[in-house]
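# Survey of secondary and tertiary structure
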Amino acid sequence: MHELPFTKGIFRSVMRKAESVDAVGINIVVLEIGVLHDFIPEFVQKYWDFISRGTIAEGSKVEIRWKNGTAVCGQCATQYEITKENMLTSVCPSCGYEYGSMVSGNEMKIVGIEIVRNHDKE
């Protein structure tokens, strides 16, 4: 159920930005999420729809772009990519060692907001 507090935080940030540019509407919010975040994207949109009712964000869509992670091998220090699909089974491509330390893949940020301003509606 951590999708709800996550979505509330994103909503607050988006609304602050929208207010700072006198937005009258929000169409799309684009999030970049590292592959290690364990949540259900569909729940984010459902919570977003509920939270945004009656606001300038009502009817807007949340687009999630997954960001692959990187790990560094615990044996040879090679840095390699971790994807959502191979996160649990990845091995170092250089030496085959099974244990690495995650370097990235836990990010979570807003990378875009498509807003509507008064002059856009004219």
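Attention here is on the structure that accompanies the text. Residue numbers here run from 1 along each chain, matching the order of that chain's written sequence. Predicted model: local features are reported for residues with pLDDT of at least 70 only, side-chain atom pairs are reported and counted for 80 or more only, and whole-chain, interface and lining totals are derived from all residues. Side-chain numbers here rest on the full set of heavy atoms in the structure, without hydrogens or water.

Before going further, it helps to spend a moment on the pattern of salt bridges. Every case where a carboxyl oxygen of Asp or Glu lies within 4 Å of a side-chain nitrogen of Lys or Arg is listed as a salt bridge. According to the stated counting rule, one finds two salt bridges in the structure shown. Note that Lys-109 is salt-bridged to Glu-32, the shortest N-O span being 3.7 Å. A residue pair is termed long-range when its members are at least 10 positions apart, and Lys-109 in strand 6 (residues 108-117) and Glu-32 in strand 1 (residues 23-34) qualify at 77 residues. When a residue's accessible area, from a 1.4 Å probe over protein chains only, is under 20% of the maximum for its type it is buried; when over 50% it is exposed; and in between it is partly exposed. A residue is classified by how much of its surface remains accessible, and Lys-109, at 42% relative accessible area, is partly exposed. Salt-bridge contacts for Glu-63 lead to Arg-65; the nearest nitrogen and oxygen are separated by 2.9 Å. Using a relative accessible area of 33% as the deciding quantity, one classes Glu-63 as partly exposed. Numbered from the N terminus, helices here are DSSP runs of H or I no shorter than four residues, and strands are runs of E no shorter than two.

Below, the discussion takes up unusual backbone geometry. The residue Asp-22 is not glycine, and still its phi comes out positive at about 55 degrees. Even without being a glycine, Ala-77 presents a positive backbone phi close to 70 degrees. Tracing the backbone shows Ala-77 in the loop between strand 3 (69-73) and strand 4 (79-82).

Disulfide: a pair of cysteine sulfur atoms within 2.5 Å of each other. By the definition in use, this model includes zero disulfides. With no disulfide of its own, Cys-73 has Cys-95 as its nearest cysteine by sulfur position, at a separation of 3.6 Å. In this structure Cys-92 is not part of a disulfide, and its nearest cysteine sulfur, from Cys-76, lies 3.6 Å away.

This paragraph deals with the sheet that holds strand 2 (residues 61-67). When DSSP locates at least two bridges between a pair of strands, those strands are taken to pair. Read across the open sheet, the three strands follow the order 2-1-6; overall the sheet is mixed. Whereas interior strands pair on both sides, the edge strands pair on one side only; in this sheet they are strand 2 and strand 6. On average, each strand axis in the sheet is tilted by 20 degrees relative to the strand beside it, whichever way the strands run. As paired strands, strand 1 and strand 6 are joined by nine bridges and run antiparallel to one another. Within strand 6, the position partnered with Val-30 by the bridge is Gly-112. Throughout, a contact is declared for two residues whenever any of their heavy atoms are within 4.5 Å. Axis definition: a line fit to C-alpha positions, over the contact stretch in the case of helices; interaxial angles, taken between N-to-C directions, run 0 to 180 degrees. Sheet strands in contact with helix 1 (residues 3-20) are strand 1 and strand 6, and its direction is about 135 degrees off that of strand 1. In the packing of helix 2 (residues 41-51) onto the sheet, the strands contacted are strand 1 and strand 2, and the crossing angle to strand 2 comes to about 155 degrees.

Two elements, strand 3 and strand 4, share four bridges in a ladder whose sense is antiparallel. Across the sheet, Ala-71 pairs through a bridge with Tyr-80, a residue of strand 4. In textbook terms, the turn of a hairpin is the stretch between consecutive antiparallel strands, and for strand 3 and strand 4 this stretch comprises five residues, one of which, Ala-77, has a positive phi near 70 degrees.

A separate point is the packing of helix 1 against helix 2. Where helix 1 contacts helix 2, the axes come no closer than 9 Å and their chain directions differ by 55 degrees. Here helix 1 lies oblique to helix 2, going by the angle between them. For the crossing formed where helix 1 meets helix 2, the hand is right-handed. Touching Glu-3, Leu-4, Phe-6, Thr-7, Lys-8, Ile-10, Phe-11 and Val-14 of helix 1 are Phe-43, Val-44, Tyr-47, Trp-48 and Ile-51, all from helix 2. Each residue belonging to the contact of helix 1 with helix 2 can be placed in one class, and the counts come to 10 nonpolar, one polar and two charged. Every angle not falling under 35 degrees, over 145, or within 65 to 115 is termed oblique; those three ranges are roughly parallel, roughly antiparallel and roughly perpendicular. The handedness criterion is simple: a crossing whose near helix is rotated anticlockwise from the far helix by less than a right angle is left-handed, and one whose near helix is rotated clockwise is right-handed. Under the scheme applied here, ten amino acids are nonpolar (Ala, Val, Leu, Ile, Met, Phe, Trp, Tyr, Cys and Pro), four are charged (Asp, Glu, Lys and Arg), and all others, including Gly, are polar.

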